[in-house]
Each structure stands twice: as structure tokens, then as C-alpha cells.
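Architecture at a glance
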Amino acid sequence: MAELSGKKILVLVTNQGVEQDELKVPLEKLRADGAEVTVAAPETGEVKSLVGDWDRGETFPVDQTISSVNESEYDLLLLPGGTLNADALRLNEDAQEIAKSFASSGRPVAALCHGPWLLVETGLVDGKTLTSYASLKTDITNAGGNWVDQEVKVCPANEWTLITSRDPGDLEAFVGAIKEQLII
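Here the structure is a predicted model, which is why all the values come from computation and not from measurement.

**Overview of the environment of isoleucine 98**
If you trace the backbone, isoleucine 98 turns up in helix α3 (residues 93–104). The class for isoleucine 98 is buried, based on a relative accessible area of 3%. Residues isoleucine 98 and proline 61, spaced 37 residues apart in sequence, show a C-alpha to C-alpha distance of 20 Å. Other than its neighbours up to four places away in sequence, isoleucine 98 contacts Leu10, Leu12, Ile66, Val69, Glu71 and Leu77.

**A few points about the sheet that holds strand β4 (residues 46–51)**
Taken in spatial order, the 3 strands of this open sheet run β2-β4-β5, and their pairing is mixed. Two strands close off the open sheet at either side, each with one partner strand: β2 (16–19) and β5 (55–61). Put simply, the sheet's adjacent strands are angled 45 degrees from each other on average, direction ignored. Pairing geometry for β4 and β5, over 5 bridges, is antiparallel. Within the sheet, the bridge partner assigned to lysine 48 lies in β5 and is threonine 59. Sheet contacts for helix α1 (residues 20–32): β2, β4 and β5; angle to β5, the most-contacted strand, approximately 35 degrees.

**Observations regarding the UniProt feature "domain: DJ-1/PfpI" (unreviewed entry) in the protein chain**
Under the UniProt annotation, "domain: DJ-1/PfpI" (unreviewed entry) lies at residues 7–180. A distance of 12 Å separates the end C-alpha atoms of residues 7–180, which is 30% helix and 29% strand.

**Topic: α1**
In this model α1 runs 18 Å from its N-terminal to its C-terminal C-alpha over 13 residues, within 8% of the 18 Å that 1.5 Å per residue would give. Restricting attention to buried positions, one finds in α1 the residues Gln20, Glu22, Leu23, Val25, Pro26, Leu27 and Leu30. Where α1 terminates, the next one or two residues include glycine 34, which has phi positive at roughly 100 degrees.

The rules behind each value
Residues numbered from 1 in each chain as written. Predicted model: local features only at pLDDT ≥ 70, side-chain atom pairs only at ≥ 80, totals over all residues. Heavy atoms only, no water. Helix = DSSP H or I, 4+ residues; strand = E, 2+ residues; numbered from the N terminus. Buried < 20%, exposed > 50% of the residue type's maximum accessible area, 1.4 Å probe, protein only. Contact = heavy atoms within 4.5 Å. Pairing = 2+ DSSP bridges. Axes fitted to C-alpha atoms, helices over the stretch in contact; angles between N-to-C directions. UniProt positions renumbered as here; feature names shortened; annotations may be inferred. Expected span 1.5 Å × (residues − 1).

Okay, here's the thing in C-alpha cells:
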């Protein structure tokens with residue numbers, strides 16, 4: 001099945017601390033549906049994932065560095081969680097600029113679990129309704145967003161679409177919403 005053939009997805013992560021399934025499941029499912037998915041991290045080499053923010057998980061190859069990404073080539077930005085990953089990524093200036101570029105050009109962004117921290121940092125949650133890991137509720141609210149407790153939330157406000165989910169338990173709905181957005 002190649003319903004996403006020709007679609008390009010950019011995944012931003014750090015080299016250590018991404019939640020394993022929040023990277024692995026979208027990568028596998030979106031690639032299986034024909035999408036070209038690029039994993040970008042601050043450094044070349046590999047991404048060392050964690051399970052439950054604690055136990056070592058699998059490693060994944062880095063396709064290119066965040067600083068070398070030409071974000072205009074991509075149809076959707078994907079931000080997996082993992083507390084360590086998301087906290088470090090929110091301070092990466094190149095990642096901030098990429099997120100802003102997607103929003104300003106009207107291209108969709110999908111963020112899972114702690115992934116919305118980058119969007120909080122850049123001011124992009126202001127006026128958006130979204131979900132996340134519950135501990136981000138105050139950050140999102142303080143940044144002008146409306147936090148909801150839902151499996152998946154798709155928000156088209158501010159002329160760009162934001163797809164969010166709470167945690168790895170929501171991955172099926174999250175990936176399904178990404179596919180729907182790319183097929184439109």
C-alpha cells in the first residue's frame with residue numbers, strides 16, 4: 001500500500017532520549033505506506049532511544065543533521081516525545097526555526113507526548129487546542145494554548161494544522177491522523 005507515496009516527512013529528535021515507540025512506530029507505519037521519512041538530529045550517527053524515559057531502547061540511524069535540513073522540501077513535521085529528547089530539542093535554535101517555518105507556511109506539524117515543548121518554546125501553541133502528556137498542561141496553558149485530554153486532537157487554527165496525542169498508547173490514532181492529513 002503506497003497511499004503516502006511522494007509525501008515527505010521530517011522527524012526532529014535529539015541523539016539521545018527519544019521515547020522508543022514514539023519514533024519507531026510512526027517511522028515503520030508511515031514508511032510502510034510509502035512516505036519518505038527523514039530522521040534529523042543534532043549530530044550524525046544514531047539516535048539512542050529510551051523506554052519509559054528510563055530503560056535503554058533501540059537505536060535508529062540519523063539521516064541528516066538538523067542544521068543541514070532544507071525544511072521546505074517536507075510536507076509534515078513530526079515531533080516525537082521522550083522527556084529528555086523534548087526538553088533538549090526545545091532549546092535547539094535550528095529546530096525552533098524549522099517549526100516556525102512549517103507553521104508560517106501552513107504545513108502540518110504532528111507532536112506526541114512531550115513533543116509539544118518545542119512548540120511551547122517557539123510560541124506556536126498560542127491560540128491552538130492540543131493534547132500532550134499531562135505534565136505539559138500548565139506549560140501549554142501558560143503559552144496561550146487550550147489543553148484537552150484526548151487520544152488525538154487535530155487543530156487547524158492559525159492557518160496551520162497541529163496534530164497531537166498524549167502518549168505511546170495513542171500511537172494508532174496519532175499515526176492515523178497524520179495519514180489523513182497527508183492524503184487531503
